Amino acid sequence: MLARMAIRDWPADERPREKLLDKGVVNFRVGDIEVIQMYDGIWERAHDPGFVKNASLEEVKSALKAGGQTDEFVPIPFTVTAIRINGNLVLFDSGTGNQVFPKAGLLATKNMTTAGIDPAQVKTIIITHFHPDHITGLMAKDSNAPIFPNAEIIVPAVDYKFWTDPTTTAGAAKRIQAVFPTWKNIKQFEGDKDVVPGVRAIATFGHTPGHTSYHVSSGNNQLIVLGDLSNIPSLFVTNPGWHAVFDTDANLAETNRRKMFDRVVADNVTVTGYHFGLPGAGKIKKDGKGYAFVPIDA
């Protein structure tokens, strides 16, 4: 079995991931691409026997412990990725906006500033899907005013159509339906295509109807922004066949997860995961019947 980095395995004064969380921002490069990861906080999700639809609560707790995490709750972190490519700053998703979970919202309150990013200067935001923890940061809490007023917001058309359909009521659907159709800066796209120079969409449907990952390239150097193709690695990278309660079509999500994992293993591609913590980037390696996430050395 591959060794996995576990916070509790380090001496108290040598806990690199805890120190990174305190810092809140990680920078690294993939070729000429500067990658900026900003920690938005955590959801300490109370245990629920239905959270993983095809695994028992005891199996979930055991997997958390094996990954060096607490088993008192499910720790679901949020990490937003930005890149500087071809002279442009591109943000993938927008975080929780300090509106969704009590221990999340650090992107809005401090870590975007720590990273040196001014929301007014952001020109491009690319959305993986429309779950609240990914899009709420686009809107002010009380007024729904745009937080990124000068940004073009690029979204998968399949997800946009699903969440703006009045018959959809789950999650943030009603807020999305009230706000997004009134914004003129939302650009929809369909299919696997370049959405901005150097960034190509990869349809990874299942988590939501239009969930999309993104392939970023600089010469022979590659980065794939997974979005929520997998939730936390100790559960869903290690056990790619586990089905999270959040998935709209769990079987399709699993198919696309396995297909993507095999691709990035074969090509040795660096990936980022929205729920992978900080650093939320690294390599996926084959490990027995599943896989392992090996974080970058940040």
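Since the model is a prediction, treat every value here as computed from it, not as a measurement.

(A) Spatial organisation of the sheet that holds strand β7 (residues 186–189). Strand order in this open sheet of 7 strands is β1-β2-β3-β4-β5-β6-β7, and the pairing throughout is mixed. Edge positions in the sheet fall to β1 (25–30) and β7, since each has one partner strand and no second. Going across the sheet, the axis of each strand differs from the next one's by a mean of 25°, ignoring polarity. Alignment of strand β6 (residues 152–156) against β7, held across 4 bridges, turns out to be parallel. Its bridge partner being in β7, I153 is matched across the sheet by I186. Contacts from helix α3 (residues 106–114) reach β1, β2 (33–45) and β3 (74–85) within the one sheet, and its direction differs from that of β2 by about 155°.

(B) Highlighting the layout of surface pockets. By volume, the second largest pocket is sized at about 180 Å³. When the residues that make up the lining of the second largest pocket are grouped by side-chain class, the tally is 7 nonpolar, 4 polar and 2 charged.

(C) Here's a closer look at empty space enclosed by the protein. Per the stated rule, a full pass over the model turns up 2 cavities of 30 Å³ or more. Taken as a whole, the largest cavity encloses approximately 60 Å³ of empty space. By residue class, the composition of the lining of the largest cavity is 5 nonpolar, 3 polar and 3 charged. The computed volume of the second largest cavity comes to approximately 50 Å³. Considering only residue class, the lining of the second largest cavity consists of 4 nonpolar, 5 polar and 1 charged.

(D) A look at the packing of aromatic side chains. Per the counting criterion, the structure on display carries 14 aromatic pairs. Ring centres of W43 and F246 lie 6.1 Å apart, and the angle between their planes is 40°; on these two criteria the pair is classed as tilted. Within this pair, whereas W43 is found in strand β2, its partner F246 is found in the loop between α7 (233–236) and α8 (250–267), the two being separated by 203 residues in sequence. When its relative accessible area of 24% is taken as the criterion, F246 is described as partly exposed. With a centroid separation of 5.1 Å and an interplanar angle of 90°, the aromatic rings of F162 and W163 are classed as edge-to-face. On the accessibility criterion, F162 (30% relative accessible area) is partly exposed. Here the aromatic residues W43, F51, F78, F101, F236, F246 and Y274 are joined through ring pairs into a cluster of three or more. One Lys or Arg, K286, reaches over the ring of Y291 and ends 4.7 Å from the middle of that ring.

(E) Spatial organisation of the nonpolar core. Within the largest apolar cluster, 48 residues are counted, with the highest numbers of intra-cluster contacts made by M38, I117, I125, L138, F180 and L235. The element contributing the most residues to this core is β3, with 5 residues. If sequence neighbours within four positions are ignored, I117 has contacts with I36, M38, A82, R84, L89, M112 and V122. Counting residues in hydrophobic clusters, the runner-up holds 26 residues, among them Y39, I85, I126 and A281.

(F) Quick look at the confidence of the model for the protein. Counting all residues, the mean pLDDT for the protein is 93, and 94% of those residues have values of 70 or more. Throughout residues 3–15 the model reports pLDDT below 50, and contacts reaching past four residues in sequence, or to other chains, amount to 22 contacts.

(G) How the structure looks around the sheet that holds strand β10 (residues 212–218). On the basis of which strands lie adjacent, the open sheet formed by 7 strands has the order β8-β9-β10-β11-β12-β13-β14 and mixed pairing. Only two strands of the sheet have a single partner each, and these edge strands are β8 (194–196) and β14 (290–295). Averaged over all pairs of adjacent strands, the angle between their axes in this sheet comes to 35°, without regard to strand direction. Taken together, the 5 bridges between strand β9 (residues 199–203) and β10 define a ladder with antiparallel strand orientation. Paired with R200 across the strands is H215, a residue of β10. Relative to the sheet, α8 contacts β9, β10, β11 (221–225), β12 (270–272), β13 (281–287) and β14, its axis offset from that of β13 by approximately 100°.

(H) The arrangement of the pairing of β2 in detail. Among the 13 residues of β2, 10 are classified as buried, and the element is accordingly described as predominantly covered. Here β1 pairs with β2 via 6 bridges, running antiparallel. Each bridged residue has a counterpart across the sheet, and for V26 the counterpart in β2 is Q37. Connecting the antiparallel pair β1 and β2 is a turn made up of 2 residues, with G31 showing a positive phi of about 60°. Pairing analysis gives 11 bridges linking β2 to β3, with the strands arranged antiparallel. Within β3, the residue paired with Q37 across the bridge is T81.

Criteria and cut-off values
- Residues numbered from 1 in each chain as written.
- Predicted model: local features only at pLDDT ≥ 70, side-chain atom pairs only at ≥ 80, totals over all residues.
- Heavy atoms only, no water.
- Pairing = 2+ DSSP bridges.
- Helix = DSSP H or I, 4+ residues; strand = E, 2+ residues; numbered from the N terminus.
- Axes fitted to C-alpha atoms, helices over the stretch in contact; angles between N-to-C directions.
- Contact = heavy atoms within 4.5 Å.
- 1 Å grid on protein atoms, 1.4 Å probe; cavity = no way out; pocket = protein on both sides within 12 Å on 5 of 7 lines; lining within 4 Å.
- Points joined across faces, edges and corners; volume = space filled by probe spheres on them.
- Nonpolar A, V, L, I, M, F, W, Y, C, P; charged D, E, K, R; others polar.
- Phe/Tyr/Trp six-rings, centres within 6.5 Å; stacked < 30°, edge-to-face > 60°.
- Buried < 20%, exposed > 50% of the residue type's maximum accessible area, 1.4 Å probe, protein only.
- Lys NZ or Arg CZ within 6 Å of the ring centre and 35° of its normal.
- Core = buried A, V, L, I, M, F, W, Y, C linked by side-chain atoms within 4.5 Å.
- pLDDT = per-residue confidence, 0-100.

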